[in-house]
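Tertiary structure, described
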Amino acid sequence: MELLIIFALFTAGAAAMIIDLLDKFPLCGIFGKLIVMNAFPHGVMLLWLLAASGKSRWNGLGSVILMCIALGGLMLYCMLRIAVKPYKVRFDKSEVNVRIRAMYGGKILLKWTAFSLVLQTVWYIFAIKIIFRDIPKSVWIWDAVIAGLIVLGYGFNGIIRIAFLCRRLGIVKRIVTFFLLPIPVAGIFALISMYKAAKAEYDYETTRAACDSQRVESQVCATKYPILLVHGLGFRDWRYFNYWGRIPKELIKNGAKLYYGNQEACATVAVNAEEIRKRVLEITEETGCGKVNIIAHSKGGLDSRYAIAKLGIDDKVATLTTVGTPHHGSQVTDLANKLPDSFYRKVADFMNRRFKGFGDVDPDFYTACHQFNSDYAERFNEEVPDSEKVYYQSYASVMKNALSFGLLSFTYLLLKKFGRNDGLVTVESAKWGNFKGVYESKGARGISHGDTIDLAREDFKGYDPREEYVRIVSELKDMGY
């Protein structure tokens, strides 16, 4: 009889694992989580009752040990299974990535931990008066402690997942949340805020993925001419850290033929314009397309305008789209130019040495920065006229407060008196050609100079940098470019 019970337990445990792995009755379903997260944490009580019963009914300690191994193994598998993958949704890996799936699991764990804590509290209030009367106090106390730790472990798992994977939380919100979590009442509101942020991001990403799957076949970004992305000051087109974040992948997925400017990080406008000229000629020769569409960010817009107007490639460029380009200068540079020249040159020499190490051949940070001031911009706009052969359009963005983007807090405050700005460039300065509008978010954070190129790989309420560039490129396609 004992062997039959042991065999049945091992068989039941193996069958449960196989059925779960085959998704016939997944443990991550409602009933599975209800049992695993609320009954299995009481394994200490169950195993104690099994051992106590075995002393009087069974012969030998071996039978008791085997039964404990069978039950303990099943419980351990089930609890680890829920901790790793607490959902039964089948995601298409090509659409919803690992980060979203793991974050979604964190949301589920937070929700079920809250439910389990309430259920366990009610259970103990009831059990102490009725069920635990004949059980040693030390046993049910240990059972309560271990069950509580297991349930809280699920919750901690969910908190870690959301804290590290939810981009909608942002850096400031993460810091505030971790400070509030240990405080009883405030901690509850912090957890609710984390849950809502994760839910909002999950809902958005799955909706966007569904939209992507429907429009991929239409190739909305398959423009007549290839896209050339031109970066701004202080960055290069590094292979392992893309200046444009997740944007290129989204454009390519929707049919865009994409190239990078590969110009220097800290060179002057004229030097970089020459690099852009060479790059445009390389692309048109390689593809046989005749022209390119340039999308440029920040100083890249000035480099591109110079190349088009001064270096004779206006017949090779169909359109120029600029985002956050200081066409009329930046007052931040005007103020910085008032610093002692000796100090400015020391900073510039330091930057030049750094970027030579990153691959710049002719860095000139001192001159490049001075080309952002208002006086230079005025002369530049007179000497570098637009070509009638090229369609020009522009976009701007605005931060809503100094905390929108920590690195640009100080410069945002400096520019605030000159008008709405993205931390480096005012809206008025970013206007050039056909001004298409200002990027804003529905939340309090706003959209900074870096957010328009997905620098933080973060999404915002009312603004997704990936979708905005898909829209820009699809509009160029619709216009025949």
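As a convention, each chain's residues are numbered from 1 in the sequence order in which they are written. The predicted origin of the model limits local features to residues at a pLDDT of at least 70 and limits the giving and counting of side-chain atom pairs to 80 or more, whereas totals for whole chains, interfaces and linings rest on all residues. Excluded from the side-chain calculation are hydrogens and water; included are all heavy atoms of the structure.

Any two of the Phe, Tyr and Trp rings considered here, Trp counted by its six-membered ring, make a pair once their centres fall within 6.5 Å; the pair's planes then place it as stacked at under 30 degrees, edge-to-face at over 60, or tilted in between. Within the structure shown, the criterion is met by 12 aromatic pairs. Between Tyr104 and Tyr202, the ring centres sit 4.1 Å apart and the planes meet at 25 degrees, which makes this aromatic pair stacked. Highlighted residues: Tyr104 in helix H5 (residues 98–130) and Tyr202 in helix H8 (residues 184–215), separated in sequence by 98 residues. Each residue gets one of three labels from its accessible area relative to the maximum for its type: buried under 20%, exposed over 50%, partly exposed in between, using a 1.4 Å probe on protein chains only. When its relative accessible area of 11% is taken as the criterion, Tyr104 is described as buried. Helix and strand definitions follow DSSP, with helices as H or I runs of at least four residues and strands as E runs of at least two, each counted in order from the N terminus.

Here helix H10 (residues 269–287) crosses helix H11 (residues 299–310) at 70 degrees, and the two axes come no closer than 8 Å. Between H10 and H11, the angle is such that the two are roughly perpendicular. Note that H10 runs across H11; the crossing there is right-handed. Counted together, Val269, Ala270, Asn272, Ala273, Ile276 and Arg277 of H10 and Lys299, Leu302, Asp303, Ser304, Tyr306 and Ala307 of H11 form the full contact between these two elements. As a working rule, the residues Ala, Val, Leu, Ile, Met, Phe, Trp, Tyr, Cys and Pro are called nonpolar, Asp, Glu, Lys and Arg charged, and the rest polar, with Gly in that last group. Of the residues belonging to the contact of H10 with H11, the class tally is seven nonpolar, two polar and three charged. Only the contacting stretch of a helix is used when fitting its axis, a line to C-alpha atoms as for every element, and angles between N-to-C directions run 0 to 180 degrees. Reported orientations rely on four angle classes, namely roughly parallel under 35 degrees, roughly antiparallel over 145, roughly perpendicular from 65 to 115, and oblique for the rest. For any pair of crossing helices, the crossing counts as left-handed if the nearer helix is rotated counterclockwise from the farther one by less than a right angle, and right-handed if it is rotated clockwise. Throughout, a contact is declared for two residues whenever any of their heavy atoms are within 4.5 Å.

Another aspect to go through is the state of the cysteines. Cysteine sulfur atoms that pair up within 2.5 Å are treated as a disulfide. Applying the stated criterion across every chain, the model contains zero disulfides. Cys369 supplies the cysteine sulfur nearest to Cys266, a cysteine that is in no disulfide, at a spacing of 7.3 Å. What makes Cys369 buried here is its relative accessible area of 9%.

The buried count for strand E5 (residues 391–397) comes to seven of seven residues, which makes it a mostly enclosed element. Every second residue of E5 is oriented toward a common face, with Tyr391, Gln393, Tyr395 and Ser397 on one face and Tyr392, Ser394 and Ala396 on the other, all of them buried. Strands qualify as paired when DSSP identifies two bridges or more between them. Judged from the five bridges that link them, strand E4 (residues 317–323) and E5 form a sheet pairing that is parallel. Counterpart to Leu320 in the pairing with E5 is Tyr392.

Glancing now at the pairing of strand E1 (residues 227–230). Side chains Ile227 and Leu229 of E1 all project onto a buried face; the interleaved residues Leu228 and Val230 project onto the opposite face, where all are buried too. Of the pairings in the sheet, the one linking E1 to strand E2 (residues 258–260) comprises three bridges and is parallel in character. Bridging from a neighbouring strand, Leu228 pairs with Tyr259 of E2.

Now for the sheet that holds strand E3 (residues 292–297). Two strands in a sheet stick together by hydrogen bonds in their backbones, pointing the same way (parallel) or opposite ways (antiparallel). The strand order E2-E1-E3-E4-E5-E6 describes an open sheet built from six strands, whose pairing is parallel. In this open sheet, the two edge strands, each paired with only one partner strand, are E2 and strand E6 (434–439). In this sheet, adjacent strand axes meet at a mean angle of 20 degrees when their direction is disregarded. Across the sheet, H11 is in contact with E1, E3, E4 and E5; its angle to E3 comes to roughly 140 degrees. Together, E1, E3, E4, E5 and E6 form the strand contacts of helix H18 (residues 465–478), whose direction differs from that of E5 by roughly 165 degrees.

Turning to unusual backbone geometry, a few remarks are in order. Notably, Asn262 is not glycine yet its phi reads approximately 60 degrees, a positive angle. Position of Asn262 among the secondary structure elements: in the loop between E2 and H10. In this structure, Asp454 takes a positive phi of about 60 degrees despite not being glycine. With respect to the helices and strands, the residue Asp454 is situated in the loop between E6 and H18. Given the relative accessible area of 1%, Asp454 is considered buried.

Further remarks concern H11. Expected helix span is computed as 1.5 Å times (number of residues minus one). Look at H11: 16 Å from first C-alpha to last across 12 residues, which is about the 16 Å you get at 1.5 Å a residue. When you tally the buried positions in H11, you get nine out of 12 residues, the bulk of the element. Here H11 has its buried residues at Lys299, Gly300, Gly301, Leu302, Asp303, Ser304, Arg305, Ala307 and Ile308. Looking one or two residues past H11, Gly312 carries a phi angle of roughly 70 degrees, positive in sign.

To continue, consider a nonpolar patch on the surface. Patch building starts from residues that exceed 30% relative accessible area and form no salt bridge, then joins like charges within 9 Å and nonpolar side chains (Val, Leu, Ile, Met, Phe, Trp, Tyr) within 5 Å. We get accessible surface area from the Shrake-Rupley algorithm with a probe of 1.4 Å; when it comes to residues, only the shown protein chains can shield them. Definition used for salt bridges: Asp or Glu carboxyl oxygen within 4 Å of a side-chain nitrogen of Lys or Arg. A grouping of Ile30, Phe31, Leu34, Ile35, Phe115 and Leu119 is seen on the molecular surface, where their side chains present a nonpolar patch of about 570 Å² in accessible area. Elements represented by at least two residues in the nonpolar patch include exactly helix H2 (30–38) and H5. Within the secondary structure, Phe115 sits in helix H5.

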